[in-house]
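# Commentary on secondary and tertiary structure
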Amino acid sequence: MTISQAIERSRCVLIVGHQRPDGDCLGAGFSIGRICENKGVAYDFLCDSDNPMQYSFMHGFECLNEKKYRDYDLLITVDCGDHYRMGRYVGYLKSIPETFNIDHHKTNNRFAKTNIVFPDASSTCEILYGLLKDDGVIDEVVASCLFVGLSTDTGHFMHSNTSKEVLKIASELVGLGANPYALSTAIYKSITINKTNLTALAIQSMRFFKNNRICIITVTQNDLNKCGCVMADTEGLIDYAMKIGCVEVGVCLTEQLHSHFKVSFRSKKTDVAAAAATFGGGGHTLAAGCVADGKYEDVIDKILKSITDGMNE
């Protein structure tokens, strides 16, 4: 049974994305939501996080996390590397009879009845395009949402996961109505003054280790409050570390609660999924994440060890 068929046979669909949703997660979720709309099927799209306002331009954003229904008969999770990433919505895996898991993380633990997981794909939106392209359900809105996910998870087609197939799909999405200029402007050239102020603090926080091969950015709760930002506004900050030529591994450490930190890793060659795994996290070889507990400097030491253990001297 295809995704399109599963939606057609459903009365009410629940789409669940991961905590702190990014462009790929939202692009996939809003795409499925649009297909539900077009087929006259009720749906909710939920993520256990604040709504990331930088994606407010996307179709369906106004309904994100607006729980309108209860009697779901189909669950579709998008971009969740494991069931824990569903946050408080993980219980729906047991209560909803039909479940799909669409994802591209190699650490995915195949938690649904139907698992569509391709670790070599650039993004969940790349996978979803392959699932939908022959069903006649990709209108201009779906194409635009999928393009957002494809663009953001490939660093606007600059990361190492930008393959010939990715560029082919991007071209086909443009042919279906996605506007690269309008979408790129909305994604990359429309940040708020608050986010700009937070970026300035993040850059000022940079610390360099191992002969400048590792750069760690820290964002505290005080920084977020001072700038009027939320956790979602930390997306993309790690890229400022990776723009530095000598930096091989970038880390963004975001304080969530006292002695509790969200950790994002990016790398040019070192396997940071292995580093994240030491904290119970995971992801991709060059992009991964985890949560670390402890005093700040102790967490820094643990992170550095997890990275240097896998680094070539």
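Structure first, text after, so check above.
## Structural notes on the side chain of Thr-254
For Thr-254, the location among the structural elements is in strand β8 (residues 249-257). In contact with Thr-254, other than residues within four places in its own chain, are Val-219, Met-231, Thr-234, His-260, Phe-261 and Lys-262.

## Focus: the sheet that holds strand β7 (residues 214-219)
Taken in spatial order, the six strands line up as β6-β7-β8-β9-β11-β10 in an open sheet, and their pairing is mixed. Where the open sheet ends on each side, the last strands, each with one partner, are β6 (207-209) and β10 (282-284). Between one strand and the next, the sheet's axes are offset by a mean angle of 20°, whatever the strand orientation. As paired strands, β10 and strand β11 (residues 287-293) are joined by three bridges and run antiparallel to one another. Considered in β11, the bridge of His-284 is made with Ala-287.

## Examining the sheet that holds strand β3 (residues 74-78)
Spatially, β2-β1-β3-β4-β5 is the arrangement adopted by the five strands of the open sheet, whose pairing is parallel. Each end of this open sheet is capped by a strand with a single partner; those strands are β2 (42-46) and β5 (114-117). In this sheet, neighbouring strand axes are inclined to one another by 15° on average, regardless of whether the strands run parallel or antiparallel. Against the sheet, helix α4 (residues 124-132) engages β3, β4 (98-103) and β5, with an angle of about 120° to β4.

## Focus on the pattern of salt bridges
All chains considered together, the criterion is met by eleven salt bridges. Asp-309 is paired through a salt bridge with Lys-305; the nearest N and O atoms lie 2.8 Å apart. A single burial state applies to Asp-309 and to Lys-305, both of which are exposed. Residues participating in the shared-partner salt-bridge network are Arg-11, Asp-71 and Asp-73.

## Notes on the state of the cysteines
Evaluated as defined, the whole model comprises zero disulfides. Here Cys-12 is not cross-linked by a disulfide; its sulfur's nearest cysteine counterpart is in Cys-36, at 8.7 Å. Residue Cys-12 is classed as buried on the basis of its relative accessible area, which comes to 6%. No disulfide involves Cys-63; its sulfur sits 12 Å from the nearest other cysteine sulfur, which is in Cys-36.

## Observations concerning the pairing of strand β9 (residues 260-267)
Burial analysis of β9 places six of its eight residues in the buried class, the great majority of the element. Note that β8 and β9 share eight bridges and pair antiparallel. Note on β9: the bridge partner recorded for Leu-253 is Val-263. Here β9 runs beside β11; their pairing, made up of seven bridges, is antiparallel. Bridge pairing in β11 places Ser-264 opposite Gly-289.

## Quick notes on the packing of helix α2 (residues 23-39) against α4
When two helices pack together, their arrangement is given by the angle between the helix axes and by the axis-to-axis distance. Interhelical geometry of α2 versus α4 gives an angle of 25° and a closest axis separation of 8 Å. Relative to α4, the element α2 lies roughly parallel. Contacts from Asp-24, Gly-27, Ala-28, Ser-31, Ile-32 and Ile-35 in α2 reach Thr-124, Cys-125, Leu-128 and Leu-132 in α4. Of the residues in the contact of α2 with α4, the class split is six nonpolar, three polar and one charged.

## Side note on the environment of Thr-234
Structurally, Thr-234 is set in the loop between α9 (221-227) and α10 (239-242). A relative accessible area of 8% places Thr-234 in the buried class. Separated by 138 residues in sequence, Thr-234 and Ile-96 have C-alpha atoms that sit 33 Å apart. For Thr-234, the residues in contact, after removing those within four places along its chain, are Leu-198, Val-219, Leu-224 and Thr-254.

## Overview of the packing of aromatic side chains
The tally for this structure, following the rule as stated, stands at six aromatic pairs. Aromatic side chains Tyr-55 and Phe-57 sit 6.4 Å apart centroid to centroid with 40° between the ring planes, which places their arrangement in the tilted category. Overall, the relative accessible area of 32% leaves Phe-57 in the partly exposed class. Measuring from ring centre to ring centre gives 5.7 Å for Tyr-72 and Tyr-92, while their planes differ by 85°; the resulting arrangement is edge-to-face. Highlighted residues: Tyr-72 in the loop between β2 and β3 and Tyr-92 in helix α3 (residues 92-95), separated in sequence by 20 residues. Exposure remark for Tyr-72: the relative accessible area of 5% places this residue in the buried category. Above the face of the Tyr-43 ring, Lys-68 is positioned so that its terminal group lies 5.8 Å from the ring centre. Here the basic side chain of Lys-243 rests over the ring of Tyr-240, its NZ or CZ set 4.6 Å away from the ring centre.

Conventions adopted
Residues numbered from 1 in each chain as written. Predicted model: local features only at pLDDT ≥ 70, side-chain atom pairs only at ≥ 80, totals over all residues. Heavy atoms only, no water. Helix = DSSP H or I, 4+ residues; strand = E, 2+ residues; numbered from the N terminus. Contact = heavy atoms within 4.5 Å. Pairing = 2+ DSSP bridges. Axes fitted to C-alpha atoms, helices over the stretch in contact; angles between N-to-C directions. Salt bridge = Lys/Arg side-chain N within 4 Å of Asp/Glu carboxyl O. Buried < 20%, exposed > 50% of the residue type's maximum accessible area, 1.4 Å probe, protein only. Disulfide = S-S within 2.5 Å. Parallel < 35°, antiparallel > 145°, perpendicular 65-115°, else oblique. Nonpolar A, V, L, I, M, F, W, Y, C, P; charged D, E, K, R; others polar. Phe/Tyr/Trp six-rings, centres within 6.5 Å; stacked < 30°, edge-to-face > 60°. Lys NZ or Arg CZ within 6 Å of the ring centre and 35° of its normal.

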